[in-house]
Structure formats: structure tokens, C-alpha cells
Amino acid sequence: MEHPTRTLNGLGQSLWLDNITRSMLGDGTLLGYREQKSVTGLTSNPTIFAQAIKSGKDYDASIRAAGQVEPETIFFGLAIDDLRRAAAIFEPVYQHTHGVDGWVSLEVSPLLADDTARTVEQSVALHKQAAVHNLFIKVPGTPAGIGAIEELIFRGVPINVTLLFSPVQYQAAADAWLRGLERRHAAGLDLDVASVASIFISRWDVKVADKVSAELQNKLGFAVCGQIYAKYRQLLDSPRLQRLQNAGARVQRLLWASTGTKDPQASDVLYIENLVAPLTVNTMPQKTLLAFADHGKAAHLMALNDPSVASTLAKFEAAGILVEPLAKTLQQEGADTFVKSWRELLDTISERMGATA
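Because the structure is predicted, anything quoted here is derived from the model rather than measured.

Asker: Pulling in residues and values, what's your account of the pattern of salt bridges?
Answerer: Side-chain pairing between opposite charges can occur once the charged atoms of the two side chains come close. Applying the stated criterion across every chain yields a total of 19 salt bridges. In this structure, the salt-bridge partner of Asp190 is Arg184, at a minimum N-O distance of 3.5 Å. Of the charged contacts in the structure, one is a salt bridge between Glu333 and Lys207, with a shortest N-O distance of 2.7 Å. Taken as a pair, Glu333 in helix H16 (residues 323-356) and Lys207 in helix H10 (residues 202-208) lie far apart in primary sequence, 126 residues in all. Of the residues examined, Glu333 reaches a relative accessible area of 34% and is grouped as partly exposed. Each of the salt bridges in this network shares a partner with another, and the network as a whole consists of Glu150, Glu151, Arg155, Arg179 and Arg183.

Structure (C-alpha cells):
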């Protein structure tokens, strides 16, 4: 019997791990996921690194060795060290797929979410510092981030657009990416600049859980995904993208993020089984990856223009829940959560610096 993760991958979807720790890089865990669970990439964020650094002593020697520099400088050094090792594990995938897959991701400081110029500056610097070709810089799809994405794509920095929640936010990110490529094309530059657009899903369902009937529980995320997937397919069919592809561009793939189930009453593989689509990525927490590998089923592809999407969204509207206004709230809350994790992360590093001084 074929392994569930291999089946999913065979349907044209990439499985990435939404986690990184120093121990998983050193003890063969990540390599094992690549070899046995069809994992072909990895994402990280400030919360993931905050947990990794807080939960053990793996980073203490490196923090000690860094000397008395700014905690943020130390953090990026630690993160880049880890991500270089992860990138090396996925390098064979990157080579085999000619750069479509095999990526790892590093997030810019969440304190810059509303500052276009500094986001651009830091992203360029981090990409240069890492000096790894299969590393995405993660930039939030906030209004300030959208301007940064266009400029960074133009400058040739591979971007993972993060914190996207709704069709309007996704479209803004896709348009920024297209504009960046069109500017490269006009300047006579090559168009081989990779990108993914990360759609956060489970937070929709958590947000409305106490506001809707049992019938609508865990349905909003999928309805929004259905709308976004339709926009993605329109993008793939658009003459605008096809002209760029004809000149050597590759697609900005759609990535499903925040795919761990938060509702204890729901299936632990809910957001994997129902979001299978070729030319997309699903990045999943370790627990969700292991659950899917154990008992998941990749039985059907997402329907295009599924008629149930409109009727589901109409029911939410009747309950007073409007997608776009709520998406703005979710994006702001997501940005705030990352800021909180970032401050905890830097505080933890400062404490460890103090303890080891």
C-alpha cells in the first residue's frame, strides 16, 4: 500500500514541514522526513524559533560564542546557521526539480511589518548573509509588505509572502510579484525568481468558532481557500503570467499554511485531506505531518469553482461574518502574534547572554 505522504506528493502537491529545531537537523529526523515522508521543504517563523531556543540548551554555546552583540544580530546568525543546514538537506530536491521545490524560509523582523523600505533593506541583507540559493525570505502581505514584495522580486530575492488570509490579500500579493517580474523583464534581467504565497487557514475557523452554529464549524477556512484557489487558477490562465512564463518565469505557487487542526472535535488531518491540489504546497506542523503519514487519505483534488463555496459564504454573511473585514483583523492579529514571539525570542537570547557572560 502506498504511503499517504507519497500519494499526496504524487498528486502534485509538495509537503513541507512547518518547524525547525537544531536537534532535528543533527539527529537525522529531518533527513528521515525527506526520505520516508516525502517532505521537500521547510518553513520557519518567529514563534517556531522562539520555542526552539526557549525549550532547551541547543543554542547556548552559539549564543555564548557570539559575544556581546545585539540579540537580533545573534538570532539571525543562529537562524541562518540552522536554515543553511536544512537547505543542504533539501538541496537534492532543489536540483532534481530545477528549483521548483526544496526550499526553506526565514522571516524578516516582524517589527518591520509596516515599514516598506526597512523590510526591503533587511530582506536583501539577510538573503546576502545566508548566501543560499534555496532560501526564501518571508515577508508579510501587509499593505507595507506588498510594496516590499514588488521591489524584492525586482531585485531578485526569492520571497515567501506570509500572513495572507483572503482573496483580496492574495490578489494583492500575486500582483506585486507580477509587477516585480515585469520590471525585471523590462530591465532585461532573467525571470528565474522563485516565490510562494502563503494562505493561513485554521485561524479563520478558530476566530468564528463561538459565533456560528455547529453546521458551520470548520467550514469558513475551506470556503475562503476555495475562492483563493479559483483566483490562483485564473492567474495561471492569464495572458499576463503566460507572457512572463514565455520569457522564463516560473509560477508563484500557492502555499497552504496554518494547517494544524485547532478544534479537538475535528479530524487532526482536516486541513491536509481537503486541500489537495497540484502545483501547490502544504506546510504542516510536525504533529500534523506524523498524523497524516499514519492515517491520512489523499483521496480527491480540490474542486475548481465549487458551487458550495458561495452558499457556505452566504450562510456566514447571514450570521454577520464578512470575509474581507475579518481578514484585515486576522492579518493584524497574526502580525501582533509574531511581534510578541519576536520580543520573547530576543528576551530569551538576552537572558542566555546574561547567564553565560
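More follows now that the structure is in view.
Asker: An account of the packing of aromatic side chains is needed here, citing residue identities and associated values.
Answerer: In total, this model carries ten aromatic pairs according to the counting rule given. Each ring, one from Phe75 and one from Trp342, has its centre 5.3 Å from the other, and the planes form 85 degrees; the classification is edge-to-face. Placement of the pair is Phe75 in helix H6 (residues 71-96) and Trp342 in helix H16, with a sequence separation of 267 residues. No difference in accessibility class separates Phe75 from Trp342, as the two residues are buried.

Asker: Residue-level account of the packing of helix H7 (residues 116-130) against helix H8 (residues 143-154), with values.
Answerer: Running from N to C, H7 and H8 cross one another at 45 degrees; their axes reach a closest spacing of 8 Å. With respect to H8, the axis of H7 lies oblique. In the packing of H7 onto H8, the handedness of the crossing is right-handed. Residues Thr116, Thr119, Val120, Ser123 and Val124 of H7 form the contact with H8, whose own contacting residues are Ala144, Gly147, Ala148, Glu151 and Leu152. By residue class, the composition of the contact of H7 with H8 is five nonpolar, four polar and one charged.

Asker: I'd love a proper account of the nonpolar core, names of residues and values included.
Answerer: What tends to happen in soluble globular proteins is that the nonpolar side chains get buried as a cluster. Leu30, Phe75 and Leu220 are the most contacted members of the largest nonpolar core, which totals 121 residues. For this core, the element with the most residues is H6, which contributes 13 residues. With sequence-adjacent residues up to four places away left out, Phe75 is seen in contact with Phe49, Ile53, Trp342, Leu345, Leu346 and Ile349.

Asker: Explain the packing of helix H9 (residues 167-186) against helix H12 (residues 239-246) residue by residue, including any values.
Answerer: One way to put it is that H9 packs onto H12 with a least axis distance of 11 Å and a crossing angle of 40 degrees. Comparing the axis directions of H9 and H12 gives the class oblique. The hand of the H9/H12 crossing is left-handed. Residues Asp175, Trp177, Leu178, Arg179, Leu181, Glu182 and His185 of H9 lie in contact with H12, whose contacting residues are Arg240, Leu241 and Leu244. For the contact of H9 with H12, the residue count by class is five nonpolar, one polar and four charged.

Asker: Could you give an account of the environment of Ala148, naming the residues involved and the relevant values?
Answerer: Mapping Ala148 onto the fold places it in helix H8. The class of Ala148 is buried, set by a relative accessible area of 0%. For the pair formed by Ala148 and Asp115, sequence separation is 33 residues and the distance between their alpha carbons is 8.6 Å. The contacts of Ala148, once residues within four sequence positions are left out, are Thr116, Thr119, Val120 and Val139.

Asker: Summarise the side chain of Asp101; cite the residues concerned and give the values.
Answerer: By the element assignment, Asp101 lies in the loop between H6 and strand E3 (104-107). A distance of 2.9 Å separates the side chain of Asp101 from the side chain of Thr40, its partner in a polar contact. Leave out the neighbours within four places in its chain, and Asp101 touches Ser14, Trp16, Thr40, Val93, Tyr94 and Arg253.

Asker: I'd like to hear about the pairing of strand E8 (residues 280-284), residue by residue, with values.
Answerer: Most of E8 is tucked away, with five of its five residues classed as buried. Going residue by residue along E8, you find Thr280, Asn282 and Met284 tucked away on one face and Val281 and Thr283 tucked away on the opposite face as well. Note that strand E1 (residues 13-17) and E8 share five bridges and pair parallel. Paired with Ser14 across the bridge in E8 is Val281. Of the strand pairs in this sheet, strand E7 (residues 253-257) and E8 are connected by three bridges, and their pairing is parallel. Across the sheet, Trp256 pairs through a bridge with Asn282, a residue of E8.

Asker: For the environment of His133, give the residues involved together with the corresponding values.
Answerer: Inspection of the secondary structure puts His133 in the loop between H7 and strand E4 (135-140). Excluding residues that lie within four positions of it along the chain, His133 makes contacts with Glu91, Tyr94, Gln95 and Trp103. Within the structure, His133 has its side chain in polar contact with the side chain of Glu91 (distance 2.8 Å).

Asker: Can you lay out unusual backbone geometry for me, pointing to particular residues and giving the numbers?
Answerer: With a phi angle near 55 degrees, Ser258 is a residue other than glycine that sits in the positive phi range. By secondary structure assignment, the location of Ser258 is in the loop between E7 and helix H13 (270-273). Positive phi is not limited to glycine here, since Leu279 has a value of about 60 degrees. Locating Leu279 in the fold gives a position in the loop between H13 and E8. By relative accessible area, Leu279 is classed as partly exposed at 35%.

Asker: Can you lay out helix H4 (residues 46-54) for me, pointing to particular residues and giving the numbers?
Answerer: Considered for burial, the residues of H4 that qualify are Pro46, Ile48, Phe49, Ala50, Ala52 and Ile53. One side-chain oxygen of the residue at the start of H4 lies 2.9 Å from the amide nitrogen of Thr47, identifying that residue as Asn45.

Calculation criteria
Along each chain, the written sequence defines residue order, and numbers are assigned to residues from 1. Given that the model is predicted, a residue must reach a pLDDT of at least 70 before its local features are reported, and side-chain atom pairs must reach 80 or more before they are shown or counted; all residues, however, enter totals for whole chains, interfaces and linings. Side-chain metrics rest on all non-hydrogen atoms present in the structure, leaving aside hydrogens and water. By convention in these notes, a salt bridge is any Lys or Arg side-chain nitrogen within 4 Å of a carboxyl oxygen on Asp or Glu. Here a strand is any run of E in DSSP of at least two residues, a helix any run of H or I of at least four, and the numbering for each starts at the N terminus. Burial classes follow relative accessibility: with a 1.4 Å probe on protein chains only, a residue under 20% of its type's maximum area counts as buried, one over 50% as exposed, and anything between as partly exposed. Stacked, tilted and edge-to-face are the three classes assigned to paired rings of Phe, Tyr and Trp, where Trp is represented by its six-membered ring and a pair needs centres within 6.5 Å; plane angles under 30 degrees give stacked, over 60 edge-to-face, the rest tilted. The convention used is that axes are lines fitted to C-alpha atoms, helices contributing only their stretch in contact, and that angles between N-to-C directions extend from 0 to 180 degrees. Small angles under 35 degrees read as roughly parallel and large ones over 145 as roughly antiparallel, with 65 to 115 read as roughly perpendicular and the rest as oblique. Whether a crossing is left-handed or right-handed is set by the direction in which the near helix is turned from the far one by less than a right angle, anticlockwise for left-handed and clockwise for right-handed. By the convention used here, residues are in contact when the closest approach between their heavy atoms is within 4.5 Å. Under the convention adopted here, Pro, Cys and the residues Ala, Val, Leu, Ile, Met, Phe, Trp and Tyr are nonpolar, Asp, Glu, Lys and Arg are charged, and Gly plus all remaining residues are polar. What we call a nonpolar core is a set of buried Ala, Val, Leu, Ile, Met, Phe, Trp, Tyr and Cys residues that are connected through their side-chain atoms within 4.5 Å. Identification of polar contacts relies on pairs of N or O atoms within 3.5 Å, with a donor-acceptor requirement for protein atoms, meaning one able to donate a hydrogen and the other able to accept it, and with residues adjacent in sequence counted only if both atoms are side-chain atoms. Between any two strands, pairing holds if DSSP finds at least two bridges.

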